[in-house]
Amino acid sequence: MHAVFFSLVVGLAAGVAAAQAQAPATAPTPLQAHLTGPIPPLVKYEIVGNTTIPQPLTERPGDPVRGRRVVTDASNSTCLICHEVPTLEEFPNQGKIAPSLEGLGSRYTAAELRLRLVNPKLLVPDTMMPAYYRTEALTRVQRQYVGRTIYSAQDIEDAIAFLMTIR
Amino acid sequence: MKALLALLALVLATAVTAPAHAQGWPLERYTVEDRNSGYFYLGRQTRLLQDDDFQNPGMFAVDQGAALWRRVDGTQGRSCQTCHQNAADVMKGVATRYPAYDAKSGGIINLELLINRERVEKMGAAPFAYESPELLALTAYVSHQSRGMAKNIDISGPAAPFFEQGKEFWNTRRGQIDISCAMCHDDRAGMLLRGDVISQGQTNGHPMYRLIWQSISSTHRMFEWCNTSMRAEPYPLGSPEYLALELYVAWRGRGLPVETPSVRK
């Protein structure tokens, strides 16, 4: 299933840039375009109070529906590898090597989650959790991922919009 | 038939999601101090599959290896058997000592590369490709002769710097995911990563029959798989980097019994 989806993405990748130019501004981008198409420039962000990134990374507001697809995408480092999310009970085999994300939306602000996803090493230096929006200070990144973030800037915003609905 | 069996085995194995720390299972044999064989983390069905030589799909490779042991090949008109005679006698214990420092090459050598060197130098035959069924079969056959014997890896003297290199590899975060081997296999063994119980990443059963690949598989292929799952650029199979890593990982499992052919998910 995922293999099919993935090859679809690869197949489409060449056309993505062109398609984006014509697509209406509201159409959601394909889930993994940023992993296979042209490398998008890294959005700059500002960390406030060591624990938050208050400003969204994109103009377009986060879309919780797409965000749900982003964080459950089994072929792109889904949170479910490590975390349990009780409200996603239709996804079996959730990981149990990190704290449950139960009630996340009541425990965190969007600004806090943004830093958590962008670069959790700034919060817990030796954490196992990957930085979803970072390209520097990595060792021997696989060729096809060099210079690419795990999530696109829009993925981060959409993921946060979904995660805030976990109450 | 074998393929069907393997498929059935896969279905059975994946149906069991939690480790069957079955009461009364003779697990003492698979544990030395704090070191556990991958067997320890398997579900009941996979353990049964490994334990039964008639069902263990890895035994197919061992049988093939036995045939290759006797097969004459190369310009010298020899087989392994021509020089070594009965593998059950002369190969007993060999797998417990590899990988090891090799004075001839000044580096680390493992069983796969040793077998290939014998082919080239003693038989005048071409080396087998690293992950070829032939090389895996011979490696499995040779390792199988040590089944039940404790791994005993020498890391002293000239092996020491390679051991350090392997240890550093193990502990270095790598790839886009930025995690180390140690983070999974030292710190989180026994925990659930998605539906899989993470083991300690021991190699005492290798070459193993891996159910998701449906084939006998080398240690280096497993390294490659773990590397790419971290989205790290893998090293070539048989490379000095993986040989040093294999030395460290084998030492890490010192005392664990050779299980070849092990069955793993």
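Just so it is clear, the structure is predicted and the values come from calculations on it, not from any experiment. (Residues numbered from 1 in each chain as written. Chains lettered and ligands numbered in written order. Predicted model: local features only at pLDDT ≥ 70, side-chain atom pairs only at ≥ 80, totals over all residues. Heavy atoms only, no water.)

### Things to note about the overall build of chain B
- When helices and strands are counted, chain B shows 11 helices and nine strands.
- In summary, chain B has a C-alpha radius of gyration of 18 Å against a globular reference of 18 Å for 265 residues, a match within 12%.
- Along the first, second and third principal axes, the C-alpha set of chain B runs to 50 × 45 × 30 Å.
- A burial count over chain B gives 53% of its 265 residues as buried.
- Look at the contacts in chain B between residues 6 or more apart in sequence, and 67% of them connect residues 24 or more apart. (Helix = DSSP H or I, 4+ residues; strand = E, 2+ residues; numbered from the N terminus. Rg over C-alpha atoms; globule rule 2.2 N^0.38 Å. Buried < 20%, exposed > 50% of the residue type's maximum accessible area, 1.4 Å probe, protein only. Contact = heavy atoms within 4.5 Å.)

### Considering the packing of helix α5 (residues 110-118) of chain A against helix α6 (residues 153-163) of chain A
All names here are of chain A.
- Where α5 meets α6, the closest approach of the two axes is 10 Å, and the angle between their N-to-C directions is 130°. Relative to α6, α5 is oriented oblique. Between α5 and α6 lies a crossing of right-handed hand. The segment α5 lies against α6, with A110, L113, R114, L117 and V118 engaging I156, E157, A159, I160 and L163.
- Here the contact of α5 with α6 is built from residues that sort into eight nonpolar, no polar and two charged. (Axes fitted to C-alpha atoms, helices over the stretch in contact; angles between N-to-C directions. Parallel < 35°, antiparallel > 145°, perpendicular 65-115°, else oblique. Left-handed = near helix turned anticlockwise from the far one by under 90°. Nonpolar A, V, L, I, M, F, W, Y, C, P; charged D, E, K, R; others polar.)

### Focus on the confidence of the model for chain A
- Taken over all residues, the pLDDT of chain A has a mean of 87, while the share at 70 or more is 84%.
- In this model residues 1-24 of chain A is a low-confidence stretch, pLDDT under 50, and it forms 12 contacts with partners more than four residues away in sequence or in other chains. (pLDDT = per-residue confidence, 0-100.)

### Topic: the sheet that holds strand β9 (residues 262-264) of chain B
All names here are of chain B.
- With mixed pairing, the three strands of this open sheet are ordered in space as β8-β7-β9. Both outer strands of the open sheet, β8 (215-217) and β9, are each paired with one neighbouring strand and no more. Strand after strand, the sheet turns through a mean of 35° between neighbouring axes, direction not considered.
- One ladder, built from three bridges, connects strand β7 (residues 208-210) with β8; its direction is antiparallel. Note that in β8 the partner of Y209 across the bridge is I216. (Pairing = 2+ DSSP bridges.)

### Some words on the nonpolar core
- With 38 residues, the main nonpolar core has L117, Y151, I156 and L163 of chain A as its most contacted residues.
- Going through the elements one at a time, α3 (64-72), α5 and α6 of chain A together with α9 (181-185) of chain B are the ones with two or more residues in this core.
- Take this core: its biggest share by element is six residues, from α6 of chain A.
- Counting residues in hydrophobic clusters, the runner-up holds 26 residues, among them M91, L136, A137 and L138 of chain B. (Core = buried A, V, L, I, M, F, W, Y, C linked by side-chain atoms within 4.5 Å.)

### So, the packing of aromatic side chains
Residue and element names in this part refer to chain B.
- With the rule as written, the count across this model stands at 13 aromatic pairs over all chains.
- Ring-pair connections join several aromatic residues into one group, and the members of that group are F163, W170, Y248 and W251.
- A cation sits over an aromatic face here: R210 above W213, 4.6 Å from the ring centre.
- Stacked on the ring of W213, the Lys or Arg R221 has its end atom at 3.9 Å from the ring centre. (Phe/Tyr/Trp six-rings, centres within 6.5 Å; stacked < 30°, edge-to-face > 60°. Lys NZ or Arg CZ within 6 Å of the ring centre and 35° of its normal.)

### Considering the environment of A110 of chain A
Residue and element names in this part refer to chain A.
- Checked against the element boundaries, A110 lands in helix α5.
- Each C-alpha atom, one on A110 and one on T36, is 28 Å from the other, the two residues being 74 residues apart in sequence.
- With near-sequence residues (within four places) excluded, A110 lies in contact with I160 and M164.

### Observations concerning the interface of chain A and chain B
- At the interface, 32 residues of chain A touch 24 residues of chain B.
- Across the interface of chain A and chain B, roughly 2400 Å² is buried in total on both sides, 50% from carbon and sulfur atoms.
- The tally of links from chain A across to chain B stands at three salt bridges.
- A salt bridge links R134 of chain A to D178 of chain B, with the shortest nitrogen-to-oxygen separation between them at 2.8 Å.
- In this assembly, chain A and chain B are joined by 19 residue pairs in polar contact (both at pLDDT 80 or more). (Buried area = accessible area lost by both parts, 1.4 Å probe. Salt bridge = Lys/Arg side-chain N within 4 Å of Asp/Glu carboxyl O. Polar contact = N/O pair within 3.5 Å; in protein donor to acceptor, adjacent residues only side chain to side chain.)

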